[in-house]
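# Analysis of the macromolecular model
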Amino acid sequence: MTNEPDAANAGWFSDLDPEDLDAAEAEILRGSAEEPEDWPRIAVESGYADSEEEYYDRLHEATIHATRQEVRERERADDQQLIHAVRAMDDCERVANELAERAAEWAGSRFDDAELGIAGAREIAAREPDGDLERRVVSLSARAVDLADERDELSATVDRVAPAVAPNLADMAGPELAARLIALAGGLEPLAKKPSGTVQVLGAEDALFAHLSGRAPSPKHGIIYTHEFVRGTRPEDRGSAARALAGKLALAARADHYSGEYREVLHEDLRERMATIRARAASEEVNANE
Amino acid sequence: MSDPDLPVGVERRSFDGETRLATRGPPVYGEPTDGEWRAWGPERSKLGGMLELGFDAGLSGGETVLYLGAAAGTTVSHVADFAGPTYAVEFAPRPTRDLLDVAESRDRLFPLLKDARKPETYAHVVERDLDAIVQDVATRGQAAVATRNARFLADDGRLLLAVKARSEDVTADPDDVFADVLAELRGTYEVLETERLDRFHEDHLGVVATPK
């Protein structure tokens, strides 16, 4: 272990003017380090503070300021922002995959060992191009990789914003599914006004209309299929699981829209209901073995 | 009045004829107070429950602490009362708003709106060689959170962990969940003590561990 951290592992205070709270805010919120260090000692040695006590005083002021700004920003986020973020995320993913596919196909004609997918595009993008055509292949791959990275950033944003917009729904469904449900409904308020049967089949509109025109059985679930409670339940109980989950999701959306408070009891109820549904499989197994 | 098993700054005191744990600091959530002392309810706080049940937490007072899952700051306010510099990590904005009020009145409590699953997003702020990590996060992968945050802990530091069985798998038997979590923890930590917290917190396991 060296005494001085390298530049890639610097503390939040490095190169910071102690009077500049806004710069400190940006560093605390957006900075990162692979490993922690003895920051109070380093801060004193580098002259950021005269003593560790002074360092802690400044850290206190800076963390409170930064965290207050971030809380304000996150609480201001609304359902429409969340919808934009999740739709943009899907667009980036689709386009990134399309471009990566095109790039891989082209690269296969130029390089021997070109791999498919985003990972393959990442390898090609790191190459030193030889000549104009290869430069185009490498550049195209780099664009695909950038889009895939943007998709990951958007996903992280959805993870952050969804709990602020809809704490109950995000906790119950996970941030991504919560965002998709809100997007499919067109907003948190429209979602809160939907009956649970509609929530259950959101995202399965094609199947629903096929059913309504008499061509197909009724869909058991829409986008909520991605939830572990549905997908992880055996097929013959999935209808029950989807119905139970949709019921609680509808209540969660209403709690989020009309009160905004976290309601532990909603989540407890759902867990109990799921345990009951899944116990069916277990008890039938026991019966079958007897 | 002081108890040899409790950290300096934590005492058993009488509130309305009932003996309860207490720390000295500004009141936070409407808890009963007696002069500077304020009651620390074991049913509202997992760490309070662990101390009430007699866990050997290895705390003596004045420690440097990282608190993961600070929520609105109920427990972390008591920790900051008896500990030294205390870093409080919470992921959700709404409870963090309340945590900020708690931190305003405690000058060695540092609130951070961060994801405890991603320590690299706060390793540039939180120092290394900490005396203790207190972990109370209601998310799946609680052992992974403890493992990833081990980098902050001194070699003889303590992990004080409350495992919530329902956060891992609501349908599994809590005992199975606890066994899995402990097995994963043992990759990084030596587990010193475990006990169910059911008297105060249903389906929770208290764990004291130290880095291997």
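Quantities reported herein were computed from a predicted structural model and do not represent experimental measurements.

## Side note on the packing of aromatic side chains
As enumerated under the stated definition, the model contains 11 aromatic pairs over all chains in all. On the numbers, 5.5 Å between centres and 75° between planes, the contact of Trp-12 of chain A with Tyr-48 of chain A is edge-to-face. Separated by 36 residues along the polypeptide, Trp-12 of chain A in the segment before helix 1 (21-30) and Tyr-48 of chain A in the loop between helix 2 (39-45) and helix 3 (52-76) bring together distant segments of the chain. Here Trp-12 of chain A matches Tyr-48 of chain A in class, with each residue buried. Here the aromatic cluster, defined as three or more aromatic residues joined through ring pairs, consists of Trp-12, Phe-13, Trp-39, Tyr-48, Tyr-55 and Tyr-56 of chain A together with Tyr-87 and Phe-110 of chain B. The positively charged end of Arg-58 of chain A is found above the aromatic ring belonging to Tyr-48 of chain A, 5.7 Å away from the centroid. The ring of Phe-91 of chain B is capped by Arg-117 of chain B, whose NZ or CZ atom sits 5.9 Å from the centre of that ring.

## Quick notes on the packing of helix 4 (residues 79-108) of chain A against helix 5 (residues 117-125) of chain A
Residue and element names in this part refer to chain A. The interhelical angle for the contact between helix 4 and helix 5, taken along N-to-C directions, is 55°, at an axis separation of 9 Å. By the angle between their directions, the pair helix 4 and helix 5 is classed as oblique. Regarding helix 4 and helix 5, the two cross each other, and that crossing is left-handed. Residue-level contacts link Ala-96, Asn-97, Ala-100, Ala-103, Ala-104 and Ala-107 of helix 4 to Gly-117, Ile-118, Ala-121 and Ile-124 of helix 5.

## Quick look at the interface of chain A and chain B
Counting from both sides, the interface comprises 40 residues of chain A and, opposite them, 33 residues of chain B. Across the chain A/chain B interface, buried area totals approximately 3300 Å², and carbon plus sulfur atoms make up 57% of it. Ranking the residues of chain A by area buried against chain B places Pro-36, Tyr-56 and His-60 of chain A at the top, with a combined share of 17%. Joining chain A to chain B, the criterion identifies 5 salt bridges. Connecting chain A to chain B are 19 residue pairs in polar contact (both at pLDDT 80 or more). Only helix 1, helix 2, helix 3, helix 6 (132-165) and helix 14 (264-289) of chain A provide two or more residues apiece to the side of chain A that touches chain B. Residue contributions to the side of chain A that touches chain B peak at 14 residues, all from helix 3 of chain A.

Each value, and the rule that gives it
Residues numbered from 1 in each chain as written. Chains lettered and ligands numbered in written order. Predicted model: local features only at pLDDT ≥ 70, side-chain atom pairs only at ≥ 80, totals over all residues. Heavy atoms only, no water. Phe/Tyr/Trp six-rings, centres within 6.5 Å; stacked < 30°, edge-to-face > 60°. Helix = DSSP H or I, 4+ residues; strand = E, 2+ residues; numbered from the N terminus. Buried < 20%, exposed > 50% of the residue type's maximum accessible area, 1.4 Å probe, protein only. Lys NZ or Arg CZ within 6 Å of the ring centre and 35° of its normal. Axes fitted to C-alpha atoms, helices over the stretch in contact; angles between N-to-C directions. Parallel < 35°, antiparallel > 145°, perpendicular 65-115°, else oblique. Left-handed = near helix turned anticlockwise from the far one by under 90°. Contact = heavy atoms within 4.5 Å. Buried area = accessible area lost by both parts, 1.4 Å probe. Salt bridge = Lys/Arg side-chain N within 4 Å of Asp/Glu carboxyl O. Polar contact = N/O pair within 3.5 Å; in protein donor to acceptor, adjacent residues only side chain to side chain.

Spatial relationships are all this shows, so hold off on functional conclusions.
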